[in-house]
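What follows is the residue order along each chain.
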Amino acid sequence: MVNNAMTADFLRSAYGGESMAHMRYLIWAEVARKEGFKNIGTLFEAISYAEYVHANNHFNVLKEQKGDYTVPAGGVFGVGNTVENLQGAIDGELHEVEQMYPVYLNTAELQEEKGAKRSFHYALEAEKIHAKMFKESQEAAKNGKDYDLEAVYICSVCGYTVLDEAPEVCPICGAKKKVFKEFK
């Protein structure tokens, strides 16, 4: 249960932003594949799932808060080529890493909201990885190359993202390897 209105508002906003990122990355995955960047398409699809995990976590922390709410959430809009779409992804992830989640996490800590704190922490740590992977992908795409990967693995508990092989234990949440979802 969330006891503080500010933390609840931050959870709803984060839910909205993660939900939009989930859909946006699926759209951009299609663009990447059409342009011949199969692996970048796979990366967008996999990270889309991680954003779903974050949205689901935020939503579940709020499960006892029923009702209609207007949800202000930032979102990147538009469809460009793959290099442009990756820039949109980088910008969105960096906003979450540098501005949004640190403030949300600090507020949850201050207000002693354990569920929100955990959910924001999971998202913040995963988004750092996403920004790095999108930057690497963009560098490859700028040179007309696809991103080098065999598979992408996403922790279904926290959204931790790793290339080529899932770890035995998630370094963010401690979940076992069996809960990782594979994208090829």
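Look a little higher up for the structure.
Basis of the calculations
- Residues numbered from 1 in each chain as written.
- Predicted model: local features only at pLDDT ≥ 70, side-chain atom pairs only at ≥ 80, totals over all residues.
- Heavy atoms only, no water.
- Axes fitted to C-alpha atoms, helices over the stretch in contact; angles between N-to-C directions.
- Helix = DSSP H or I, 4+ residues; strand = E, 2+ residues; numbered from the N terminus.
- Parallel < 35°, antiparallel > 145°, perpendicular 65-115°, else oblique.
- Left-handed = near helix turned anticlockwise from the far one by under 90°.
- Nonpolar A, V, L, I, M, F, W, Y, C, P; charged D, E, K, R; others polar.
- Phe/Tyr/Trp six-rings, centres within 6.5 Å; stacked < 30°, edge-to-face > 60°.
- Buried < 20%, exposed > 50% of the residue type's maximum accessible area, 1.4 Å probe, protein only.
- Lys NZ or Arg CZ within 6 Å of the ring centre and 35° of its normal.
- Pairing = 2+ DSSP bridges.
- Core = buried A, V, L, I, M, F, W, Y, C linked by side-chain atoms within 4.5 Å.
- Contact = heavy atoms within 4.5 Å.

### Here we look at the packing of helix H3 (residues 82-110) against helix H4 (residues 114-142)
Part 1: Interaxial distance between H3 and H4 falls to 8 Å at its minimum, and their mutual angle equals 160 degrees. In terms of orientation, H3 and H4 fall into the roughly antiparallel class. In this structure, H3 crosses over H4, and the sense of that crossing is left-handed.
Part 2: Taken together, the residues of the contact of H3 with H4 sort by class into 18 nonpolar, 5 polar and 8 charged.

### Examining the packing of aromatic side chains
Part 1: Applying the stated criterion to the full structure yields 13 aromatic pairs.
Part 2: Each ring, one from Tyr49 and one from Phe183, has its centre 5.8 Å from the other, and the planes form 45 degrees; the classification is tilted. Taken as a pair, Tyr49 in helix H2 (residues 38-61) and Phe183 in strand S3 (residues 180-183) lie far apart in primary sequence, 134 residues in all. Each member of the pair, Tyr49 as well as Phe183, carries the same accessibility label: buried.
Part 3: Taken together, the ring pairs in this structure connect Phe10, Tyr101, Tyr104 and Phe120 into an aromatic cluster.
Part 4: Above the face of the Tyr69 ring, Arg12 is positioned so that its terminal group lies 3.7 Å from the ring centre.
Part 5: Taking the ring centre of Tyr49 as reference, the NZ or CZ of Lys181 above it sits at 4.6 Å.

### Here's the deal with the sheet that holds S3
Part 1: Pairing is antiparallel in the open sheet, where 3 strands are placed in the order S2-S1-S3. Each edge of the sheet is formed by a strand with only one pairing partner; in this case those strands are strand S2 (161-163) and S3. Between one strand axis and the next, the sheet turns by 25 degrees as a mean value, whatever way the strands run.
Part 2: Where strand S1 (residues 152-155) lies against S2, 3 bridges are found, and the strand directions are antiparallel. Bridge pairing links Ile154 to Thr161 in S2.

### Regarding the nonpolar core
Part 1: Grouped together as the largest cluster of nonpolar side chains are 25 residues, with contacts concentrated most on Tyr25, Ile40, Leu43, Phe44, Phe134, Val152 and Ile154.
Part 2: Mapped onto this core, the elements with two or more residues apiece are helix H1 (5-34), H2, H3, H4 and S1.
Part 3: For this core, the element with the most residues is H2, which contributes 8 residues.
Part 4: In contact with Tyr25, other than residues within four places in its own chain, are Phe44, Ile47, Ser48, Glu51, Ala89, Glu93 and Phe134.

Bear in mind that shape data such as this cannot, by itself, settle questions of function.
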